[in-house]
Amino acid sequence: MGAPSDGTSRMNQDPVESLRFVLLEDDPNDAELIQLELARNGLHVGWRHVSSERPFREAIAACDIDLVLADYTLPGFDGLAALRITQKSCPGVPFIFVSGSLGEERAIEALKSGATDYVLKDRLQRLPRVVHRALQESRERRERRQAEAELEAQRLHQAHQRGLPAHAPIFFLKEAEMMVGHGVDVIAHSVRDQDVTPAFIAEMKRRNVGYIPTLTRDLSLVIYDQTPAFFKDPFFLRGISVYGEQVEMINKPEFQEGIRKDPQTAVIRKALEQGTRNLKLLADSGVTIGMGTDSGTDEGRWQGYFEQVELEMMAKAGMTPMQVIVAATGDAAKVAKLDHVGTIAPGTNGSAGRARSSCAAIQSRWSSAQASAARRLVPSLRNARVTLA
């Protein structure tokens, strides 16, 4: 078998094959050995063999693949870059390194970055077992997501029968698209696998579907790989009588080491970055954004504090201070179908003009010191002497 002349080749194509693998490998002899090892163990595969970045991107562009096998080191390209491209373009597709130059440190780095597994080229007899396990786990995840989506659709239908708004917690864009198609009222949690598409945005607006990003949900899963700076924040420390036990647990070196070693930490960190980007795309497009958190539902999600952090993260995502304030008040109520609360109105000791001035003061303060904006928002509203009516 020769090297692919144009960067891409299909080896042993069979129209009835069900498995579709991408092989990123610049050595044609190694590529043939990998193919033969899997064929000897009963795996019938339609291969897309590529040896450089551009053909690799083209090979996975349609996401019509079952698995990626990649060398770690290639001329002008590398396996970690291919892993990142796969995670962004085809999240959920198993990715296995097959390399002769993968030492222990690189192997750990690869797994932390989200690789499914790795196999050394001088131990190719392990490859069929590793591939079978990766495919099985991928299939189980798909089936589980499908079952969960069907349950969500049933729950949505029952909620509407009772005249209640239906919220759908999601992760993947395809899940969100499906739930919007089923008539969901609110997408809860962020789309975190890829950019939201113009078609999805248009459908959300057409159906008037709200969006609650809950950025702090993912933040709580990655930030405790070390002691966070806000543990010394006076505003946070106001709740230490409630938070104390959890703070003590999170401060333990073994807890933080567990976060650092967990391969999911890197995956969630990337998901948080994607969710943050999608919040900006949706807000700029006019989708109704409601502020919400999962505070109090698990360790490190601090009730009374993470609400402020959520506001700050929404501002750092690119929403204007006024957009954030509206998302936390009027639009939060709109998303929750609560018509009688959520708007800023003159208080007994204030006026509409004073309320507007106070919001302008908050916006100025937020813009000049965004890092501490969320902590200042509540006392600023208190000084404004307005009520949420």
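*Asks:* Give me the lowdown on the overall build of the protein chain, citing residues and values where you can.
*Replies:* A tally of helices and strands in the protein chain yields 17 helices and 13 strands. In the protein chain, which comprises 389 residues, the proportion classed as buried is 46%. Partitioning the intrachain contacts of the protein chain with sequence separation of at least 6 by distance along the chain shows that 69% fall at a separation of at least 24.

*Asks:* Residues and numbers for the packing of helix α2 (residues 53-60) against helix α3 (residues 79-89), please.
*Replies:* Viewed as axis vectors pointing N to C, α2 and α3 meet at an angle of 25 degrees, and their least axial separation amounts to 11 Å. As summarised for this structure, α2 and α3 are arranged roughly parallel, according to the angle between their axes. Relative to α3, α2 is oriented so that their crossing is right-handed. Contact residues: α2 offers Glu-53, Phe-56, Arg-57 and Ile-60, while α3 offers Ala-82, Ile-85, Thr-86 and Ser-89.

*Asks:* Give me the lowdown on the side chain of Asp-193, citing residues and values where you can.
*Replies:* The topology assignment puts Asp-193 in the loop between β10 (186-188) and α7 (198-207). For the buried Asp-193, no salt bridge exists, and the shortest N-O distance to an oppositely charged side chain is 7.8 Å, to Lys-174. One polar contact links the side chain of Asp-193 to the main-chain amide nitrogen of Leu-173, over a distance of 2.9 Å. Residue contacts for Asp-193: discarding those within four places in its chain leaves Gln-87, Lys-88, Pro-91, Phe-171, Phe-172, Leu-173 and Gln-274.

*Asks:* Describe the nonpolar core, and please don't skip the residues or the numbers.
*Replies:* For soluble globular proteins, nonpolar side chains are generally found buried alongside one another. Within the largest apolar cluster, 47 residues are counted, with the highest numbers of intra-cluster contacts made by Ile-187, Met-204, Ile-289, Trp-302 and Tyr-305. By residue number, the principal contributor to this core is helix α13 (residues 306-316), which donates 6 residues. In contact with Ile-187, other than residues within four places in its own chain, are Ala-168, Ile-170, Ala-176, Met-179, Val-180, Met-204, Val-209, Gly-210, Tyr-211 and Ile-212. In this structure, Ala-82, Ile-85, Cys-90 and Val-93 belong to the second largest nonpolar core, which totals 25 residues.

*Asks:* Help me get a handle on the sheet that holds strand β11 (residues 210-212), residues and values and all.
*Replies:* Read from one edge of the open sheet, 3 strands run β9-β10-β11, paired in parallel fashion. Each edge of the open sheet is held by one strand with a lone partner, namely β9 (167-169) and β11. The average angle at which neighbouring strand axes cross in this sheet is 20 degrees, direction not considered. Of the pairings in the sheet, the one linking β9 to β10 comprises 3 bridges and is parallel in character. Bridge pairing in β10 places Pro-169 opposite Ala-188.

*Asks:* How would you sum up the confidence of the model for the protein chain? Please name residues and give values.
*Replies:* Caution applies to low-pLDDT parts of the model: their predicted coordinates are not meant to be read in detail. Averaged over every residue, the pLDDT of the protein chain is 83; residues scoring 70 or more account for 84%. For the stretch residues 1-17, pLDDT sits under 50, and the model shows 35 contacts to residues farther than four places along the chain or on other chains. Across residues 348-389, where pLDDT falls below 50, the model places 63 contacts with residues more than four positions away in sequence or in other chains.

*Asks:* An account of the packing of helix α8 (residues 215-222) against α13 is needed here, citing residue identities and associated values.
*Replies:* The N-to-C vectors of α8 and α13 enclose an angle of 105 degrees; their axes lie 9 Å apart at closest approach. One way to sum up the angle between α8 and α13 is to call them roughly perpendicular. Across the interface between the two elements, Leu-215, Thr-216, Leu-219 and Ser-220 of α8 pack against Phe-306, Val-309, Glu-310, Met-313 and Met-314 of α13. Residue composition of the contact of α8 with α13, by class: 6 nonpolar, 2 polar and 1 charged.

*Asks:* Outline helix α14 (residues 321-328), listing residues and values.
*Replies:* Within α14, burial applies to Pro-321, Val-324, Ile-325 and Ala-327. Buried residues along α14 cover an arc of 160 degrees about the axis, so they all sit on one side.

*Asks:* Describe in detail the packing of aromatic side chains, supporting the description with residues and values.
*Replies:* Counted according to the given criterion, the structure contains 18 aromatic pairs. Plain terms: the ring middles of Phe-230 and Phe-236 are 5.3 Å apart, the flat faces sit at 65 degrees to each other, and that makes the pair edge-to-face. Neither residue differs from the other here; Phe-230 and Phe-236 are each classed as buried. Cation over ring: Arg-145 sits above Phe-172, and NZ or CZ is 4.6 Å from the ring centre.

Cut-offs and rules
- Residues numbered from 1 in each chain as written.
- Predicted model: local features only at pLDDT ≥ 70, side-chain atom pairs only at ≥ 80, totals over all residues.
- Heavy atoms only, no water.
- Helix = DSSP H or I, 4+ residues; strand = E, 2+ residues; numbered from the N terminus.
- Buried < 20%, exposed > 50% of the residue type's maximum accessible area, 1.4 Å probe, protein only.
- Contact = heavy atoms within 4.5 Å.
- Axes fitted to C-alpha atoms, helices over the stretch in contact; angles between N-to-C directions.
- Parallel < 35°, antiparallel > 145°, perpendicular 65-115°, else oblique.
- Left-handed = near helix turned anticlockwise from the far one by under 90°.
- Lys, Arg positive; Asp, Glu negative; His and termini not counted.
- Salt bridge = Lys/Arg side-chain N within 4 Å of Asp/Glu carboxyl O.
- Polar contact = N/O pair within 3.5 Å; in protein donor to acceptor, adjacent residues only side chain to side chain.
- Core = buried A, V, L, I, M, F, W, Y, C linked by side-chain atoms within 4.5 Å.
- Pairing = 2+ DSSP bridges.
- pLDDT = per-residue confidence, 0-100.
- Nonpolar A, V, L, I, M, F, W, Y, C, P; charged D, E, K, R; others polar.
- Arc of directions from axis to C-beta.
- Phe/Tyr/Trp six-rings, centres within 6.5 Å; stacked < 30°, edge-to-face > 60°.
- Lys NZ or Arg CZ within 6 Å of the ring centre and 35° of its normal.

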